Amino acid sequence: MSPSLPSATPAIWREYLALTKPKVVSLLLFTAVGAMFVAAGGLPNPGALLGVLVGGYMSTGGAGVFNMILDRDIDAGMRRTKRRPLVTGSISVPQAAVFGGLLSAGSFVVLLLTTNLLTALLAWAGLLFYVLVYTAWLKWATWQNIVIGGAAGAVLPLLGWAAVTDSLPWMAWILFLLIFMWTPVHFWALAFLVSDQYAAVGVPMAPAVIGTQRTLHQMVLYTVLTVLSTLAPVTALFHFR
């Protein structure tokens, strides 16, 4: 009789945390909290602030979980992602799906109870756009994937502003535009480091598809647009006087 195989070690909390992409989420939450302070003209309501931090983490973290579920095959083929929990098998796909579902549903409840319906809906809009539009479609369809897909991350300033005012005035949309324009430059700079890995798994990231020179031209373009976006609030203030 062959010896029985040892049972798999239960996934520890750090591996579930890794599914939520905590480093990315922390940057996104910074833009949401920053928008809350601008909208409030100072310190926002502490309950709403806590709700955005908790509910915002749950919604963006849930999006990260579903992203890893859909991308687990390509993650296995890239050096920088091959140690992710769904690749190593420390967490199963059904376990991750339940975890992501609980985070997504919980985020709606938390944001609804601590802020308002608009904020809760914005969180879900960002989640669905990131998972269904960017991860499931755009990521494979075009090298402009991160340009359009950047709208998912740019929703966070809208979410933060709505949490304070229950509205989306022009200033909130300028903050959306700023993050939207900044995202491609930030992402392509990182993509240059692993362009060979993207090419190996067939994901059409700009450096791997259109080459270094054209990608740099695109980065310069979006850098200029990002700078112009930072000037938009000043221009708008003079216009609305």
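To keep things clear, this report deals only with the structure shown in the data block. (Residues numbered from 1 in each chain as written. Predicted model: local features only at pLDDT ≥ 70, side-chain atom pairs only at ≥ 80, totals over all residues. Heavy atoms only, no water.)

### Here's the deal with the overall build of the chain
Counting its regular elements, the chain contains 13 helices and 0 strands. Listing each helix as α and each strand as β along the chain from the N terminus yields α-α-α-α-α-α-α-α-α-α-α-α-α. Computed over its C-alpha atoms, the radius of gyration of the chain comes to 20 Å, within 12% of the 18 Å expected for a compact globule of 241 residues. In terms of its C-alpha atoms, the chain occupies a principal-axis envelope of roughly 85 × 50 × 25 Å. Put simply, the chain has 241 residues, and 46% of those count as buried. For the chain, restricting intrachain contacts to residue pairs at least 6 apart in sequence, the fraction spanning at least 24 positions comes to 71%. Entry remark: accessible area of the chain is about 12,400 Å², with carbon and sulfur atoms responsible for 71%. Looking at charge distribution, the chain has the averaged site of its 12 positive side-chain charges lying 7 Å from that of its 6 negative ones. (Helix = DSSP H or I, 4+ residues; strand = E, 2+ residues; numbered from the N terminus. Rg over C-alpha atoms; globule rule 2.2 N^0.38 Å. Buried < 20%, exposed > 50% of the residue type's maximum accessible area, 1.4 Å probe, protein only. Contact = heavy atoms within 4.5 Å. Areas by Shrake-Rupley, 256 points an atom, 1.4 Å probe, with all protein chains shown as cover. Lys, Arg positive; Asp, Glu negative; His and termini not counted. Charge placed at Lys NZ, Arg CZ, Asp CG, Glu CD.)

### Description of the side chain of T135
Within the secondary structure, T135 is located in helix 7 (residues 117–141). T135 sits in the buried class, given a relative accessible area of 1%. Looking at T135, its side chain comes within polar contact range of the side chain of N67, at 3.0 Å. At a separation of 2.8 Å, a polar atom in the side chain of T135 contacts the main-chain carbonyl oxygen of Y130. Excluding anything up to four places from it in sequence, T135 contacts N67, L70, D71, Y130 and W140. (Polar contact = N/O pair within 3.5 Å; in protein donor to acceptor, adjacent residues only side chain to side chain.)

### Things to note about helix 9 (residues 151–165)
Spanning 15 residues, helix 9 covers 21 Å between terminal C-alpha atoms, matching the ideal 21 Å at 1.5 Å per step. The buried count for helix 9 comes to 13 of 15 residues, which makes it a mostly enclosed element. Backbone geometry just downstream of helix 9 places D166 in the positive-phi region, at approximately 55°. (Expected span 1.5 Å × (residues − 1).)

The values are spatial; any link to function lies outside them.
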